[in-house]
Amino acid sequence: MIEEAHRTWRFLEPYHGMIYFAPEAAAAYAELGLTGRAGYFASRSAALGAVPAPVVVATFYNFNPVLVRASITTAWSTTEPAAVVAARYAAADQALRGILGDAIDSPEMRRAADLLRAAAETVADDVTGRPLFAAHAALPWPAEPHLVLWHAQTLLREYRGDAHVAALLTAGLSGIEALVTHAASGAVPAETLRTSRAWPEDDWNAAVTGLRERDWLTADAAPTFTPAGAARRAEIEKATDENAVTPYAHIGEAACTELQALVRPYSRALAEKLMPWALARQ
């Protein structure tokens, strides 16, 4: 069941992740006075309310705290969380309608929304140790199926993400060290991870050196995992999967397989338009 749950999450991830690349989202945040990275941090953390910046730093584990603090300070001196939440859902609605067209009113969309909502509602009260999930789970459910599906995937994404942060912390990795190990896996180029999370080169190099000293990474110019590091990384991924399986196990393997088939054309269309690099996962 764990493999099927992981596969279902991957199939659905573009359906949620499109909000970080849709021009409709950037435009909606700009109307509130939020530009650049402030829109990202404010929109994803707005469900928490106008909490102090260190709370957002804590939940956005692998981003440079300097960037997070500046973005959130700017956001909540410019607008209010409720306005950002509303803007995010309006942008999701507009982007999904623009890319998926008539599919948003189809029986397949309704069925997918029902299935994923059932999965998400299973863990609605399982909020201990999952701050971002808890915040988003407290938001009201939208009415239209295409937004129900988007909200459900948002919940399950944050549910899994909180579990992943817990696994990284248990493994003794800081936020930047987690990024370095992600780069070592070969999934995403190191420079992309470093710059997108706003880490200076000196900090990145220091993290690489520290992980080499702890026998996580090789001494190569582009470091990869040592056998010990690979084993530790596998343990992190295993723990994450195990602590994210419950909602999918509730609806069962057959429903997960059905969900994958239902959502695949939506995820592919969104990825083709906004995230072509994600097509390999579909």
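Residues numbered from 1 in each chain as written. Predicted model: local features only at pLDDT ≥ 70, side-chain atom pairs only at ≥ 80, totals over all residues. Heavy atoms only, no water.

A.B. asks: Describe the overall build of the protein, with residues and values.
C.D. replies: The helix and strand tally for the protein stands at 15 helices and 0 strands. Compactness check: the protein gives a C-alpha radius of gyration of 19 Å against a globular reference of 19 Å for 282 residues, within 12% of the reference. Its C-alpha atoms put the protein at 55 × 45 × 35 Å along the principal axes. Scored against the burial criterion, the 282 residues of the protein give a buried share of 50%. Long-range contacts, defined as pairs at least 24 residues apart, comprise 74% of the intrachain contacts of the protein with a sequence gap of at least 6. Between the averaged position of the 24 positive side-chain charges in the protein and that of its 32 negative side-chain charges there is a distance of 2 Å. (Helix = DSSP H or I, 4+ residues; strand = E, 2+ residues; numbered from the N terminus. Rg over C-alpha atoms; globule rule 2.2 N^0.38 Å. Buried < 20%, exposed > 50% of the residue type's maximum accessible area, 1.4 Å probe, protein only. Contact = heavy atoms within 4.5 Å. Lys, Arg positive; Asp, Glu negative; His and termini not counted. Charge placed at Lys NZ, Arg CZ, Asp CG, Glu CD.)

A.B. asks: Can you lay out helix α6 (residues 81-100) for me, pointing to particular residues and giving the numbers?
C.D. replies: In this model, α6 (20 residues) spans 28 Å end to end at C-alpha, consistent with the 28 Å of a helix rising 1.5 Å per residue. When we look at burial in α6, the residues that qualify are P81, V84, V85, A87, R88, Y89, A91, A92, D93, A95, L96 and L100. (Expected span 1.5 Å × (residues − 1).)

A.B. asks: Can you tell me about unusual backbone geometry, naming the residues and giving the values?
C.D. replies: Of note in this structure, A198 is not a glycine but carries a positive phi near 65 degrees. Turning to its location among the elements, A198 is positioned in the loop between α11 (190-196) and α12 (201-213). Using a relative accessible area of 28% as the deciding quantity, one classes A198 as partly exposed. Although it is not a glycine, D215 adopts a positive phi angle of roughly 65 degrees. Tracing the backbone shows D215 in the loop between α12 and α13 (227-242).

A.B. asks: If you had to explain helix α5 (residues 65-76) to someone new, which residues and values would you point to?
C.D. replies: Over its 12 residues, α5 extends 16 Å from the first C-alpha to the last, a length consistent with the 16 Å expected when each residue adds 1.5 Å. Among the residues making up α5, those that are buried are L67, V68, S71, I72, A75 and W76. The buried residues of α5 all sit within an arc of 135 degrees when viewed along its axis, so they share a single face. Measuring from the side-chain oxygen of the N-cap residue of α5 to the backbone nitrogen of V66 gives 3.0 Å; that N-cap residue is N64. (Arc of directions from axis to C-beta. Polar contact = N/O pair within 3.5 Å; in protein donor to acceptor, adjacent residues only side chain to side chain.)

A.B. asks: Break down the side chain of R160 for me, with residues and values.
C.D. replies: Mapped onto the secondary structure, R160 falls in helix α9 (residues 145-170). Dropping the residues within four chain positions of it, R160 is found in contact with H6, W9, E237, T240, D241 and A244.

A.B. asks: Break down the environment of E158 for me, with residues and values.
C.D. replies: Residue placement: E158 occurs in helix α9. Filtering out sequence-adjacent residues up to four positions away, E158 remains in contact with Y20, R44, L132, F133 and H136.

A.B. asks: Please set out the packing of aromatic side chains residue by residue, giving values where relevant.
C.D. replies: The final tally for this structure, using the stated rule, is 10 aromatic pairs. Where Y15 meets Y266, the ring centres are 6.5 Å apart and the plane angle is 55 degrees; that geometry is what we call tilted. One end of the pair, Y15, is in helix α1 (residues 2-17); the other, Y266, is in helix α15 (residues 253-274), and 251 residues separate them in sequence. On the accessibility criterion, Y266 (6% relative accessible area) is buried. Each ring, one from F133 and one from Y159, has its centre 5.0 Å from the other, and the planes form 75 degrees; the classification is edge-to-face. One end of the pair, F133, is in helix α8 (residues 131-137); the other, Y159, is in helix α9, with 26 residues separating them in the sequence. The two residues F133 and Y159 agree in class, both being buried. Between R44 and the ring centre of F60, over which it is positioned, the NZ or CZ distance is 4.8 Å. Positioned above the aromatic ring of W141 is the side chain of R117, whose terminal nitrogen or guanidinium carbon lies 4.4 Å from the ring centre. (Phe/Tyr/Trp six-rings, centres within 6.5 Å; stacked < 30°, edge-to-face > 60°. Lys NZ or Arg CZ within 6 Å of the ring centre and 35° of its normal.)

A.B. asks: An account of the pattern of salt bridges is requested, with residue identities and associated values reported.
C.D. replies: In the structure shown here, the tally under the stated rule is 13 salt bridges. A salt bridge links E121 to R117; the shortest N-O distance between them is 2.8 Å. Of this pair, E121 and R117 both sit in helix α7 (residues 107-122), 4 residues apart, which is roughly one turn of that helix. You can call E121 partly exposed: its relative accessible area is 39%. Taken together, the salt bridges that share partners define one network made up of D93, R97 and E144. (Salt bridge = Lys/Arg side-chain N within 4 Å of Asp/Glu carboxyl O.)

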